[in-house]
Amino acid sequence: MKAGVDRGARLMRADVAVIGGGVGGVAGALAALRRGLRVLLTDPNPWLGGQLTSQAVPPDEHVWVEQFGVTASYRELREGIRQYYRDHYPLSDSARKDPHLNPGLGRVSRLCHEPRVAVAVIEQLLAPYRSSGRLVVLQPYEPIAVQAEGDVVRSVTLRGEGREIVVEAAFVLDATETGDLLPLAGTEYRVGAESRAETGEPSAPEEADPQNVQAISWCFAFDHVEGDHTIEMPVGYGKWRLYEPDFWGAPLLSFVAPNPRTLAPEERTLRVNPTEDHQADPRVDPGDMDLWQFRRITARKNFLPGTYESDIVLANWPMLDYLGGSIIDTPEAESHLAAAKELSLSYFYWLQTEAPRPDGGHGWPGLRLRGDITGTPDGFAQAPYIRESRRIVACRTIVEQDLSVALRGDARPVRFEDSVGVGMYRIDLHPSTGGDNYIDVESVPFEIPLGALVPIRTENLLPAAKNIGTTHISNGAYRLHPVEWNIGEATGELAAFCLEESVRPQDVVADPDAVRRFQTRLVEAGVELHWPEVLGY
């Protein structure tokens, strides 16, 4: 089916329409393109890449990422980022020779980098398909309507650039950050917290609450140079300066936050441009106690002397978690988004003016917002960091019991016969809009069951982000960058498989032979279906 525009009817057609250009959307588009399909990809932000780029968050990854546990295409992305630095940045000799180059030496990941570099590499991956005409990218566009007939999505209406476009496709991937197509299409979904009675999960609340979701955070990039770069006091600064969540142990504008595992309030540090770095095994030390090093995206020591006046840091810290309300299925979404950004702005102003320094003084006026790093006028990310989405009612729902070390009785990887990929992350839920503190559950290495990617009814709409068949609890493990990429890649491959074999995704899930044929394709594409037999899980 040819991708193109009927300008009279404002109509576009493709084999696969990927609505949302985040981590999963890009992976889904690439998978379909590599199978020879014509793809239309949309996003509401200037940059493709979602969590990695427009939300500005370096990847959260498991400790084995350099050896195994991600797809070949995700590894291609990671190595492309490192190569981009080698090709275009004045790296130090030792950094250039490091096969595991970590440009920012951030503690959260073995690959902390500027969001703009990820944008460049994503564009490189997509470039040949754009040039050939098999990929059309629409930015900034977002979905406003879906036409469905029975169990089939016929078209998606997009709005952007002052016009509306109708997209028709054989398959539609919902790669939006909050599962926006699900209510528009009438696809069954859940949102917020399910009750314990519904899921049997020990960590679930007694009562369901659709408005109880993990906090969003509006991230920003900054450095520290000589001079006074103090911003204007935010309008709501007085309110945020006094705000103290019941379970926090201190005002939010402080260096105190709960320990995710013990829930005890802990004092963090901010060691501005340290001369010595502390690097340790994240299995022993998560590295989140010093805010400067935790998500640093540029470390001066990795570059030739004089290249940078300062390290560059990406702020995505507990104190930026907005607890005031959900942005999903509420008329107050815009006010909550504005408040989340005001909280982050207030925190930065507090750092500049009132934060206690190690020398006994207060505030670092030399802290400077870096809009050139985030692609915005103000230094803030183009979009908030979103941890939780609407979730399809799937052929299979992943629950806490599937993942918890304590409930399973051992730490060996979980195995699903219909696996379409692997991932690893603790069940890590940030404080929520329902008033919950952190929920942290030690989890086993896990797999992604095909059944969790297939809606119980809608035939040609597939989830390609954080909107798969998880619960509020299990989403805490499946929500990070490499898993979302794997989910997107698997749904792009599934769309291609179904078109080639003229079957529905539900038919594939129900047929063990079809599952095995599909898994063979995934393995050929470089998708790891199971964890290796190694010691140390």
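The chain carries the name FAD-dependent oxidoreductase in an unreviewed UniProt entry, which gives Kribbella ginsengisoli as its organism.

A.B. asks: Can you help me understand the overall build of the chain in this one?
C.D. replies: When you go through the chain residue by residue, the secondary structure sums to 16 helices and 22 strands. Against the globule reference of 24 Å for 537 residues, the chain gives a C-alpha radius of gyration of 22 Å, in line with a compact fold. With respect to the three principal axes, the spread of C-alpha positions in the chain is 70 × 50 × 50 Å. When each of the 537 residues of the chain is scored for burial, the buried share is 61%. Carbon and sulfur atoms provide 50% of the accessible area of the chain, an area that totals close to 19,800 Å². Distance between charge centres in the chain, computed from 52 positive and 77 negative side chains, equals 5 Å.

A.B. asks: I would appreciate a short explanation of the side chain of Asp402 in the present structure.
C.D. replies: Among the structural elements, Asp402 can be located in helix H11 (residues 400-403). No salt bridge is formed by the buried Asp402, whose closest oppositely charged neighbour, Arg396, lies at an N-O distance of 4.1 Å. If sequence neighbours within four positions are ignored, Asp402 has contacts with Arg396, Thr397, Arg408, Val414, Phe416 and Val444.

A.B. asks: Sorry, what's going on with the environment of Cys112 here?
C.D. replies: The residue Cys112 is located in the loop between helix H3 (93-97) and helix H4 (115-132) in this model. Residues Cys112 and Arg396, spaced 284 residues apart in sequence, show a C-alpha to C-alpha distance of 34 Å. When neighbours within four sequence positions are excluded, Cys112 is seen to be in contact with Pro58, Asn102, Pro103, Gly104, Gly106, Arg296 and Ile297.

A.B. asks: I would appreciate a short explanation of the nonpolar core in the present structure.
C.D. replies: Nonpolar side chains in soluble globular proteins tend to end up buried together. One finds Val16, Leu77 and Tyr478 to be the most contacted residues of the largest nonpolar core, which totals 78 residues. Ranked by residue count, the leading element in this core is helix H14 (residues 481-501), at nine residues. Ignoring sequence-local partners within four residues, the contact set of Leu77 consists of Leu52, Val121, Ile122, Leu125 and Trp485. Formed by 52 residues, the second largest nonpolar core is a distinct cluster that contains Ala56, Ala221, Trp350 and Tyr425.

A.B. asks: Looking at this structure, how should I read H14?
C.D. replies: In a regular helix each residue adds 1.5 Å, so 21 residues correspond to 30 Å; H14 covers 30 Å between its end C-alpha atoms and thus fits that length. Among the 21 residues that make up H14, 18 are buried, leaving the element largely enclosed by the rest of the structure.

A.B. asks: Just checking my understanding: could you explain helix H16 (residues 512-524) for this structure?
C.D. replies: Since one α-helical turn is 3.6 residues long, residues separated by three or four positions face the same way. In this model, H16 (13 residues) spans 18 Å end to end at C-alpha, consistent with the 18 Å of a helix rising 1.5 Å per residue. Turning to H16, its buried residues number three or more, namely Ala514, Val515, Phe518, Gln519, Arg521 and Leu522. Taken around the axis of H16, the buried residues stretch over an arc of 155°, which confines them to a single face. Across from the buried face of H16, at angles greater than 90 degrees, the exposed residues are Pro512 and Glu524. Residues of H16 that are buried make contact with strand S18 (419-423), H14 and helix H15 (505-510). At the N-terminal boundary of H16, the capping side chain belongs to Asp511, with an oxygen 3.0 Å from the backbone nitrogen of Asp513. Note on H16: the residue one or two positions beyond its end, Gly526, has a positive phi of about 95°.

A.B. asks: Can you walk me through the packing of aromatic side chains in this structure?
C.D. replies: Between two aromatic rings, the relevant description is the distance of the centres plus the angle of the planes. Summed over the entire model, instances satisfying the criterion amount to 24 aromatic pairs. Taking 4.8 Å as the distance between ring centres and 80° as the angle between the ring planes, the aromatic pair formed by Tyr237 and Tyr349 counts as edge-to-face. With Tyr237 in helix H7 (residues 237-242) and Tyr349 in helix H9 (residues 333-353), the pair connects residues that are 112 residues apart, well separated along the chain. Residue Tyr237 shares its accessibility class with Tyr349, and that shared class is buried. Each member of the aromatic cluster is reached from another via a ring pair, and the members are Phe220, Phe222, Phe255, Trp292, Trp317, Tyr347, Phe348, Trp350 and Phe380.

A.B. asks: It is not clear to me how the pattern of salt bridges should be interpreted in this structure. Could you clarify?
C.D. replies: Where charged atoms of side chains with opposite charge meet at close range, the side chains can pair. Enumeration over the complete set of coordinates arrives at 45 salt bridges. For Arg370, the salt bridge goes to Asp372, with nearest N and O atoms at 2.7 Å. Judged by its relative accessible area of 42%, Asp372 falls in the partly exposed class. Where salt bridges share partners, they join Glu61, Glu66, Arg78, Glu79 and Arg82 into one cluster.

A.B. asks: So what exactly am I meant to see when it comes to unusual backbone geometry here?
C.D. replies: Across residues other than glycine, the phi torsion is negative in most instances, and most of the peptide bonds are trans. At the junction of Gln139 and Pro140, the peptide bond is cis and its omega measures out at -10° in the coordinates. Looking at the element boundaries, Pro140 is found in the loop between strand S4 (135-138) and strand S5 (142-149). With a phi close to 55°, Glu161 is a non-glycine residue in the positive phi region. Looking at the secondary structure, you find Glu161 in the loop between strand S6 (152-160) and strand S7 (163-174). Given the relative accessible area of 53%, Glu161 is considered exposed. For Asp329, which is not a glycine, the phi torsion comes out positive at approximately 55°. Positionally, Asp329 belongs in the loop between strand S15 (321-322) and H9.

A.B. asks: What is the right way to look at the environment of Ile398 in this model?
C.D. replies: Take Ile398: it is sitting in the loop between strand S17 (391-392) and H11. Note: C-alpha distance between Ile398 and Gly469 (71 residues apart in sequence) is 6.3 Å. Contact partners of Ile398, with chain neighbours within four places excluded, come to Leu403, Pro449, Ala452, Ile468, Gly469, Thr470, Thr471, Ser474 and Tyr478.

A.B. asks: When you look at the pairing of strand S2 (residues 11-19) in this model, what are you seeing that I'm missing?
C.D. replies: Side chains on a regular strand alternate between the two faces of the sheet. Of all nine residues in S2, eight are buried; the element is thus mostly enclosed. In the sheet, S2 pairs with S7 via eight bridges, with the strands oriented parallel. The residue of S7 that forms the bridge with Ile19 is Asp174. The pairing of S2 with strand S3 (residues 39-42) spans four bridges and is classified as parallel. Bridged to Val16 within S3 is Val39. The parallel pair S2 and S3 is bridged by helix H1 (residues 23-34), and the resulting crossover is right-handed.

Rules behind the numbers
- Residues numbered from 1 in each chain as written.
- Predicted model: local features only at pLDDT ≥ 70, side-chain atom pairs only at ≥ 80, totals over all residues.
- Heavy atoms only, no water.
- Helix = DSSP H or I, 4+ residues; strand = E, 2+ residues; numbered from the N terminus.
- Rg over C-alpha atoms; globule rule 2.2 N^0.38 Å.
- Buried < 20%, exposed > 50% of the residue type's maximum accessible area, 1.4 Å probe, protein only.
- Areas by Shrake-Rupley, 256 points an atom, 1.4 Å probe, with all protein chains shown as cover.
- Lys, Arg positive; Asp, Glu negative; His and termini not counted.
- Charge placed at Lys NZ, Arg CZ, Asp CG, Glu CD.
- Salt bridge = Lys/Arg side-chain N within 4 Å of Asp/Glu carboxyl O.
- Contact = heavy atoms within 4.5 Å.
- Core = buried A, V, L, I, M, F, W, Y, C linked by side-chain atoms within 4.5 Å.
- Expected span 1.5 Å × (residues − 1).
- Arc of directions from axis to C-beta.
- Polar contact = N/O pair within 3.5 Å; in protein donor to acceptor, adjacent residues only side chain to side chain.
- Phe/Tyr/Trp six-rings, centres within 6.5 Å; stacked < 30°, edge-to-face > 60°.
- Pairing = 2+ DSSP bridges.
- Right-handed = clockwise from strand over helix to strand, strands pointing away.

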